[in-house]
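# Structural overview for review
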Amino acid sequence: MRGRILTLAVTGLLGWSMAGCATPAPARPAPARPDGGVVLLGETHDRVADHHWQLQRIGALREEQPGLAIGLEMVPRSRQAALDAWIAGELDEAAFLREVDWDRSWGFDFGLYRPIFAFARMNRIPLIALNVDRDVVRAVGRDGWAALQARSDLALGRPVAPSSDYNRYLAAAFAGHGRGAEGDALNRGFRRFVEIQLLWDRAMAARIAEARAAGTPLVVVLAGSGHVHEGIPRQLRDLGYASTALVAPDAADGT
């Protein structure tokens, strides 16, 4: 599973879909300083320059707040123990990738993220698994948000509905990655697609809120730009936390 993974949520909703994160929405200005103890660093997952920029930002933020933690869209919360073992120096890279099931749960080349993981390990920066497991995604894709009623362990609450701008963005992403139905079936497919995006947004926001409530002074989040622009901040506000959203500059136009 390499490159941009954008079709699963549209065609069967069977696993990780990157429709909400691999194609950034138009950039908007964001304040440079942390707001509310949460900084969101948006990326295009397979772009090397974005990860270099993220590492630079993490280093600068650590100078201001040494007690920061790094939240990762890439890792489901069931793999938190592997992150803890990595930071503790108990796993080499090969063992870590097996324990976190990197190729199945994320799929992008670990080499893109290696410098960030190495920096975190060297400086004992806590890493937080933000995402949910594939079976949860499949359940929501099949049965909608009601599927989470049997997963009290997640305790996500009900997500805030997407704004009109975010809904238009998701509609464009849905339309741009193929569809195999029309009419009512198409509408049901889009509703499920939106529910999965909200699942990711809400799950990540909930984990961030947990870390802040537990006393982490600053959570720096690495996630796709689609989530960072609107999805996660909107859910965080509903949970009582402000955030600062920054997106990697576009190397093509220098912004």
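In case you missed it, the structure is sitting above this.
To start, this report covers the structure provided alongside it. (Residues numbered from 1 in each chain as written. Predicted model: local features only at pLDDT ≥ 70, side-chain atom pairs only at ≥ 80, totals over all residues. Heavy atoms only, no water.)

### Things to note about the pairing of strand 3 (residues 127-131)
- Counting buried positions along strand 3 gives five out of five residues, so the element sits mostly inside the fold.
- The pairing of strand 2 (residues 69-76) with strand 3 spans four bridges and is parallel. By the bridge assignment, Ile-70 is partnered in strand 3 with Leu-127. (Buried < 20%, exposed > 50% of the residue type's maximum accessible area, 1.4 Å probe, protein only. Helix = DSSP H or I, 4+ residues; strand = E, 2+ residues; numbered from the N terminus. Pairing = 2+ DSSP bridges.)

### Topic: the packing of aromatic side chains
- Under the criterion given, the structure shown has twelve aromatic pairs.
- Summarising the aromatic geometry, the rings of Phe-96 and Phe-117 are spaced 5.6 Å apart at their centres and angled 50° between planes, so their arrangement reads as tilted. Here Phe-96 is found in helix 3 (residues 93-100), whereas its partner Phe-117 is found in helix 5 (residues 114-122), with 21 residues between them in sequence. One exposure class covers both Phe-96 and Phe-117, and it is buried.
- Taken together, the ring pairs connect Trp-86, Phe-96, Trp-102, Phe-110, Tyr-113 and Phe-117 into an aromatic cluster.
- The ring centre of Trp-86 lies 4.2 Å from the NZ or CZ of Arg-121, which sits over that ring. (Phe/Tyr/Trp six-rings, centres within 6.5 Å; stacked < 30°, edge-to-face > 60°. Lys NZ or Arg CZ within 6 Å of the ring centre and 35° of its normal.)

### Some thoughts on the environment of Arg-114
- Structurally, Arg-114 can be placed in helix 5.
- On a C-alpha basis, the gap between Arg-114 and Glu-93 in space is 9.2 Å, while along the polypeptide they are 21 residues apart.
- Among the polar contacts listed, one links the side chain of Arg-114 to the side chain of Glu-93, at a separation of 2.8 Å. (Polar contact = N/O pair within 3.5 Å; in protein donor to acceptor, adjacent residues only side chain to side chain.)

### Focus: the pattern of salt bridges
- Throughout the structure, instances matching the rule amount to ten salt bridges.
- Here Asp-101 ties to Arg-79 by a salt bridge, and the two come within 3.9 Å at their closest N and O atoms. Linking Asp-101 in the loop between helix 3 and helix 4 (102-105) with Arg-79 in the loop between strand 2 and helix 2 (80-87), this pair joins segments that are 22 residues apart in sequence.
- Given the relative accessible area of 29%, Arg-79 is considered partly exposed.
- Among the ionic pairs, Glu-93 bridges to Arg-114, the shortest N-O distance being 2.8 Å. Of the two residues, Glu-93 is situated in helix 3 and Arg-114 in helix 5; the sequence distance between them amounts to 21 residues.
- Taking relative accessible area as the criterion, Arg-114 reaches 38% and is therefore assigned partly exposed. (Salt bridge = Lys/Arg side-chain N within 4 Å of Asp/Glu carboxyl O.)

### Regarding the packing of helix 1 (residues 48-64) against helix 5
- Where helix 1 contacts helix 5, the two axes come as close as 9 Å, and the packing angle between them is 20°. One element, helix 1, and the other, helix 5, form an angle in the roughly parallel class. The hand of the helix 1/helix 5 crossing is right-handed. Residues His-51, Gln-54, Leu-55, Ile-58, Gly-59 and Arg-62 of helix 1 lie in contact with helix 5, whose contacting residues are Pro-115, Ile-116 and Phe-119.
- Classifying every residue of the contact of helix 1 with helix 5 by side-chain character gives five nonpolar, three polar and one charged. (Axes fitted to C-alpha atoms, helices over the stretch in contact; angles between N-to-C directions. Parallel < 35°, antiparallel > 145°, perpendicular 65-115°, else oblique. Left-handed = near helix turned anticlockwise from the far one by under 90°. Contact = heavy atoms within 4.5 Å. Nonpolar A, V, L, I, M, F, W, Y, C, P; charged D, E, K, R; others polar.)

### Looking at the nonpolar core
- Formed by 37 residues in total, the largest nonpolar core has its most connected members in Ile-70, Leu-72, Phe-96, Trp-102, Phe-117 and Leu-127.
- Broken down by secondary-structure element, the contributors of at least two residues to this core are strand 1 (38-43), helix 1, strand 2, helix 2, helix 3, helix 5, strand 3 and strand 4 (219-224).
- Examining the composition of this core, we find that five residues originate from one element, helix 2, more than from any other.
- Setting aside residues no more than four positions away along its own chain, Trp-102 makes contact with Met-74, Val-75, Leu-97, Gly-107, Phe-108, Asp-109, Phe-110, Tyr-113 and Phe-117.
- Formed by 31 residues, the second largest nonpolar core is a distinct cluster that contains Val-132, Val-140, Ala-205 and Ala-245. (Core = buried A, V, L, I, M, F, W, Y, C linked by side-chain atoms within 4.5 Å.)

### As for the sheet that holds strand 4
- Judged by pairing direction, the sheet is parallel, and its five strands sit side by side in the order 3-2-4-1-5 without closing on themselves. Pairing within the sheet leaves two strands with one partner each, and these edge strands are strand 3 and strand 5 (244-247). Going from strand to strand, the sheet's axes swing by 30° on average, the running direction of each strand aside.

### Let's talk about helix 5
- Ile-116, Phe-117, Phe-119 and Ala-120 are the residues of helix 5 that are buried. Buried residues along helix 5 cover an arc of 160° about the axis, so they all sit on one side.
- The positive-phi residue at the C-terminal boundary of helix 5 is Arg-124, with phi of around 55°. (Arc of directions from axis to C-beta.)

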